[in-house]
Each structure stands twice: as C-alpha cells, then as structure tokens.
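Listed here are the chains, written in short residue letters.
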Amino acid sequence: MSITYLEAIREAQFEALQQNPNVFLYGQDISTFGGAFKATKNLSREFPGRVFDSPISEDAMIGMAVGAAIEGARPIVEMQFADFSSVGFNQIVNQAATLFWRTNTPCPITIRLPSGGTPGSGPFHSQSMESIYAHYPGLVILTPATVEDAYWMLLESVEINDPVIFCEHKFLYYHLKSEDFGEAMPIGKARIARPGRDATIVTYSAMLHESLKAAEELRLDGYEVEVVDLRSVKPMDTDTILASVARTGRLLAVGESFPWGGVTAEIVARVSSEAFHLLDAPPMRLNSKDTPIPYHPNLWKSHRPTTGHISAALRDLLRY
Amino acid sequence: MLSARAAGSVFISISTVSVAESSLPCSSAVEAELREDFLKTLQCMMLSRTLEEKLGSLYRAGGRIVGGVYLGRGQEAFSAAAGIHLRWEKDVYGPLIRDQAGRIAYGEPILDTMRTYLGVVTGPMRGRDGNIHRGQPQKGYMAMISHLGSLVSVVSGALFARRLLGTLGDTVGATSIGDGGTSTGAFHEAINMAAVEKLPLVVSVANNQFAYSTPTTRQYACENLVDRAIGYGIDGHSVDGTDLLACLKVFRTAFQRARAGHGPQMVVGRLLRLGGHGEHDDASYIPDVKKHEHEGRDCLIVAQQQALDLGWATKVELDEWLKNARREVDKAQAQASKEPTPDPYRESWQALSTQRLAEGMGQ
Ligand SMILES: Cc1ncc(C[n+]2csc(CCOP(=O)(O)OP(=O)(O)O)c2C)c(N)n1
Ligand SMILES: [Mg+2]
C-alpha cells in the first residue's frame, strides 16, 4: 500500500468524522464534488449530512465555524486555497483567535489551508500564510511536511480546543508517498529529519524536502548538515532548535513565505538572542523573493527557495 | 414607503401607527399577551436609559470608566422589542453597540454591564475587554468584536451547529446591525449564508440615519434597506423604531416566522440616534431639523405615553418603575465599584486554552 499526503488528509478527516459526531466539514465544493483537490472525496457519501458546500464567503465561513464551535461542534473548514483565507482574515485573527482569551470559551476549529507554490499557479494560488497567522496570539499553526504528520496532526487538530491553522502543502499532495501512517508525534515537538554536525537547517513543510536534498548535496563535499523539521511553526520548538545549533554552531532558516519578517526571522531572532554564544557564524535565513509569486515556472523556480539556493546558502554559511 | 415589488416574495409588516392611531388587537388573549410584553419591555427600556445615563455621567466625571461609552439612547424600543422575544440561556443573541435595552430584555444582569464598563475581574470579560464588547458565549450570549458585520455569521454558526447536533428545538438566534454596518462584506456574506441555510435568525437593522458622522446618503443608494431582503430571499419587515407597540408587533411576527422555519427575518427600524456616536462625540453634524422629524421622537417618552393612553399603566406606576430602575443602577454601581480590577501579575497572559501549546512568551 502506498498513501499520498493528500490521501492522508482525506483519511484523517474520515477518521475524525468517524470518531466524533460533533465534527463536520464546511467548504466550497467539498460535498459531492469532493473538493478542488479531492481532499474530501466520498466523505459526503460516507457521512451524510456532515459535509457541507459553502457559498464563496470566507468571512462568513469562519464566522459560522466559530459560532458552531461555541455550541460544541468541531468544524473543519476547507479554504479552497490558502490565498483566499485573506478574505476570512478578520474572522480568523479577531473572532476565532480572541474568543478564548476574551470569554473563556474554547474555540475548537480547524482551518485547512492548501498552501504553497506549484508550477503555473501564479500570485493568487500559491501563497504560504503561516507567518501571517503565527503573528497573532490565540492560534496554533501547523505545517506538516510528511504523510505521517499530515495524517496525525490533522487528526489531533480536531481535538485541540483552540483554532488551528492547518497549512497543508499542495506541492506535496501527490508527490509525497508513504507506506503507512507510522506513529503520531506530539504537536509542538520538532523532529530531527536528518542528523548532522556542521550546520543546522531549520525548516518546515515543502521546504523540508528541498533542504534534505541540499543536505545530501553537501554530503558529497564532506559536510554533515542537520535538518530540523519544525512541524508546527507555532508553537515553535525552540529547545530542539537550540540543541541542534549547540551541536553545529551554524544556522540556516528556510521558509517558502515572503522574506519580510515571519517564521524564519523568528527562528533567527530566537537563536541570536538565546544562543549567541553557540554560533560560529552569523545566522542566515532564506525565503522566497519579495515579489508576488510568479506564474511562469521559469520565474517561479527562482522565486522560491529550491535545493540549489539552499545548497549555495549552506556553502556560504559553512565558509564563514 | 415600501416598494410595490416587495409584495409577494417578501413578507412585509407596515407599522407606521402613531400613538394616537394605535389600535388594540382584537382578541383579548392576544391583547393580554401584548400588554404583558409591552410593560415588561417598557421597564427594560427605563432601566436601560437609567443605566446609560449613569454610565454617561461616570464617563464625563472621569476616573472610573476606562475607554469609551456607547449608548443606545433613542433605540431602546427597537432593541428591547427584539430582546424580549429571546430567552436567556436558551436562545442565541449577538447584540451590538446600541443594544443595552435588548441585553436587559434578554436577561443580562445590569451588574455585568457595570462590571464590564468598570473593568473589574468579576465581570464576564474580566478586564480583558470592555464596555459593549461583552457576553457569555457558552450561554448563547455572543460577545461582539468591534468589526461590524462579523457577528452575524457567528450567531448563524451557533444555530447551524444546534441543528446539526439536534439541540436546536424551538430556539432562535438574533443579532443587530446599524445602517453603516449593512455596507460591510461580512454582513452580506453572513445574511446570504443564513438564507441559504434557512436558519432561524432575526436580524435587526437599526437605521438611525448616521454611521458615526456619515449620513445614509453616503452609505447606500437603495431606496430602503428592507428592500435588500428581496435580494437575499428572506422576509423583510419595516417598522417605526420609535414606536414600541409597533416594534413589539413586528418582532413578534418575525420571531414567530423564524421559529416556524421560514428562515432569516430582517427587521428594519427607522429611528434617529439621540446622541453622539459615543459620549466623546457631540454629534454637531446631525442637523437640528432631523431632531424634530418623526424619527427624532424619544421612544421612551412615546412608550410611556402609549402605556398611559392604553390604560396599561398609571403615572404612579411609571414613577415607581423609574425609582426602581434608579435603585437597581445605584446598587449595581456600588457593588461593581468595590470589586477588584485586574492584576497583571495574576494574569495568565496565555491566549490558548491548550496550556501545553502556549508559547508563554509574554514574560
Ligand atoms: C469593520 C468596521 N469598520 C469601522 C468600524 C468603526 N466604527 C465603529 S461604529 C461605526 C459606525 C457604525 O454605524 P452604524 O452601523 O450605522 O451603527 P450605529 O453606530 O449608528 O448604531 C464605525 C465606523 C468598525 N467598528 N468596524
Ligand atoms: Mg447608524
């Protein structure tokens, strides 16, 4: 048997619906059609009356999920693309994220964001929104990079009594396969995806795979690069990051979102202020370019970090 | 007043009765019920006005109230006529900025209002949020965020979940919006969604002719906001928001229809904001002539007159109710004033309910 990252997401939703009658799915075209990416394929048939097509109303979709959560339901909302969650931004950061703190009422909603670039998707179907949402208090931001994490973390998301922004990477949907779901790792713990001693890459989501390839390239030059998969960008497992930097003395933070601020800046800030004395080189970060995401693959490949960019950055870091 | 094309697809209640013209309902049972509702609502209005006058004077005196004070003066009849149809801890209510009277009619103790304005930890918001931004969502009493229009979908979501989980029963939801708030995308999205789902939702649109300083001519270009109901495929009702009797009749119909499964009901009330946007605002931009128009009548005076004219209350009773209201307000103020304000060293500084996932970077 071989399961894709996308199938893992479908299976996790199947399981969540199966386990808890309070779970329901809400999103555009997700019912009989099964969703733009088929992440909810057949679920409306398997769970009649629990998978709903929504109007194209991202604001109202999130607002309604918050109201439903207040009443004890556990909605999973699918944004057709992460990019469109900007229309629901207010409800996410002001309604959902403040509810518990303001009113002591838990807000167990899961918002699935099909994220990240794929060739030909252009400026409005390629965005990575984790950095934006991580900025706001009251949200949990998950960025699974593996089939196992896609499955287990989505399943756990539904059980978390707080709003979860589940950033699933579209590039991994079909590319990434696994034999089974393996074992669940707790949310909030980073994972050493590849051990090393010469430098640390801290990354997440699709950039994990580019980073692993870059680490492999550097191995041919005799370097052992450690790769840390954050899994959740918020909470961020600072301990694991610091422990890795303590071993290697060098840090490269890699993310696909835009370069101004964000997750990679947060990683560098934490390492600089908490482990300055452990560093043998200035910490580095690599993100996409500071332009909208281009449509043509020639441009797109240069816009986001790829194995080549990461290897080059690593060489700079190791040369210092 | 209402366009002819509205007839047919939209259920319209035309309620323009003035005090003098108001006629008693025919059946005596209905009359008794209406009378009871009317008198209850009137007392809520009196309590609300008294409470808000106190809040206004506390604000002007300075010192105790942190932040702004936003009052519902002139909108008590419209607000409370909706609130009186809601059952505390049963129905879902998402009141807005001008709904103090509706909140009282729904069942919120005025002590909670006082506590929230004074920011004491004993209040439902514990000093974390203030003034009109208060509620107890676990009881179905939603706590508005500032962003106008964004509460409609939350109330709808609660109703949607109740239907899904089998807990809806005969409960309904109600929420409010101003003329200005109807221009938001959030409002449009939410009403459309509620209509698609045919939820038992009553939306009060208080057209008080101004959004802060902006007159309705700069807010919308349609003839009457109630006409929008046609576009959403929901029932629209229009009412003189200064006339309590008319408001009660219209909301009774609207709530009955919502509970009976006819989907969302939009009730548009015509009135005037009798004061500033908040107590910081002298509303000098509202032309004097507006204040002398029909919509500029004080609904509280109108309602008291109605009670006297109908023989439903005596002058002595009205005076007694006002005295009671003052006593209650003073009591709430005295109580809340001695309660503790929040202590930053006791604050958890955690926005998540899941402790193990909190980053705890607030130190
Ligand atoms: C989305 C949004 N934009 C702006 C504001 C600032 N604001 C608060 S109340 C208000 C006017 C509201 O007017 P209206 O909806 O007519 O209600 P009223 O105050 O007249 O009751 C404005 C502009 C806000 N709260 N929310
Ligand atoms: Mg207004």
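Attention here is on the structure that accompanies the text.

**A few points about the site of ligand 1**
All names here are of chain B.
- Ligand 1 sits among 13 residues. The nearest are Arg98, Gly180, Gly181, Asn208 and Phe210.
- Here an oxygen atom of ligand 1 sits 2.8 Å away from a polar atom, N or O, in the side chain of Arg98.
- Between ligand 1 and Gly180, the relevant distance is 2.8 Å, taken from an oxygen atom to a main-chain nitrogen or oxygen of the residue.
- Taking 580 Å² as the accessible area of ligand 1 by itself, protein coverage stands at 70%.
- Taken atom by atom, the bulk of ligand 1 overlaps the second largest pocket.
- Tallied by class, the residues present in the shell around ligand 1 amount to 4 nonpolar, 7 polar and 2 charged.

**Considerations on the sheet that holds strand E11 (residues 225-229) of chain A**
Residue and element names in this part refer to chain A.
- Sheet architecture is open: 5 strands sit in the order E9-E11-E10-E13-E14, paired in mixed fashion. Every interior strand has two partners, whereas the edge strands, strand E9 (191-194) and strand E14 (284-286), have only one. Sheet twist, expressed as the mean angle between neighbouring strand axes with direction ignored, is 25°.
- Pairing of strand E10 (residues 199-203) with strand E13 (residues 251-254), which is carried by 3 bridges, proceeds in the parallel orientation. When the bridges of E13 are listed, Thr200 appears paired with Leu251.
- Relative to the sheet, helix H10 (residues 263-274) contacts E10, E13 and E14, its axis offset from that of E13 by approximately 155°.

**Looking at the coordination of the magnesium ion (ligand 2)**
All names here are of chain B.
- For the magnesium ion (ligand 2), every protein donor is listed as Asp179 (OD), Asn208 (OD1) and Phe210 (O), and the spread of their distances is 2.0 to 2.2 Å.
- Between the donor residues of the magnesium ion (ligand 2), the gaps in sequence give the motif D-x28-N-x1-F. A residue pair is termed long-range when its members are at least 10 positions apart, and Asp179 in the loop between strand E3 (173-178) and helix H6 (185-197) and Phe210 in strand E5 (residues 210-211) qualify at 31 residues.

**Details of unusual backbone geometry**
- The omega torsion across A:Lys234 and A:Pro235 is 5°, close enough to zero to call that bond cis.
- By the element assignment, A:Pro235 lies in the loop between strand E12 (232-234) and helix H9 (238-248).
- Not every positive phi belongs to a glycine, and B:Lys198 is a case in point at roughly 50°.
- Inspection of the secondary structure puts B:Lys198 in the loop between H6 and strand E4 (201-207).

**Some remarks on the interface of chain B and chain A**
- Counting residues at the interface gives 41 residues for chain B and 49 residues for chain A.
- Summing both sides of the interface, chain B and chain A together bury roughly 3700 Å²; the carbon and sulfur share of this comes to 60%.
- Considering only the surface of chain B that becomes buried against chain A, B:Glu189, B:Met193 and B:Leu357 emerge as the three largest contributors, covering 16% of it.
- Scanning the region where chain B abuts chain A turns up 4 salt bridges.

**Thoughts on the packing of helix H1 (residues 28-61) of chain B against helix H4 (residues 110-118) of chain B**
All names here are of chain B.
- Interhelical geometry of H1 versus H4 gives an angle of 15° and a closest axis separation of 12 Å. Between H1 and H4, the interaxial angle falls into the category roughly parallel. Note that H1 runs across H4; the crossing there is right-handed. On H4, the residues touching Leu47, Leu51, Lys54, Leu55 and Leu58 of H1 are Ile110, Thr113, Met114 and Tyr117.
- Partitioning the contact of H1 with H4 into residue classes produces 7 nonpolar, 1 polar and 1 charged.

Basis of the calculations
- Residues numbered from 1 in each chain as written.
- Chains lettered and ligands numbered in written order.
- Predicted model: local features only at pLDDT ≥ 70, side-chain atom pairs only at ≥ 80, totals over all residues.
- Heavy atoms only, no water.
- Near = heavy atom within 4 Å.
- Polar contact = N/O pair within 3.5 Å; in protein donor to acceptor, adjacent residues only side chain to side chain.
- Areas by Shrake-Rupley, 256 points an atom, 1.4 Å probe, with all protein chains shown as cover.
- 1 Å grid on protein atoms, 1.4 Å probe; cavity = no way out; pocket = protein on both sides within 12 Å on 5 of 7 lines; lining within 4 Å.
- Sits in = over half its atoms within 2 Å of the grid points.
- Nonpolar A, V, L, I, M, F, W, Y, C, P; charged D, E, K, R; others polar.
- Pairing = 2+ DSSP bridges.
- Helix = DSSP H or I, 4+ residues; strand = E, 2+ residues; numbered from the N terminus.
- Axes fitted to C-alpha atoms, helices over the stretch in contact; angles between N-to-C directions.
- Contact = heavy atoms within 4.5 Å.
- Donors = N, O, S within 2.8 Å, 3.2 Å for Na, K, Ca; no water.
- Buried area = accessible area lost by both parts, 1.4 Å probe.
- Salt bridge = Lys/Arg side-chain N within 4 Å of Asp/Glu carboxyl O.
- Parallel < 35°, antiparallel > 145°, perpendicular 65-115°, else oblique.
- Left-handed = near helix turned anticlockwise from the far one by under 90°.

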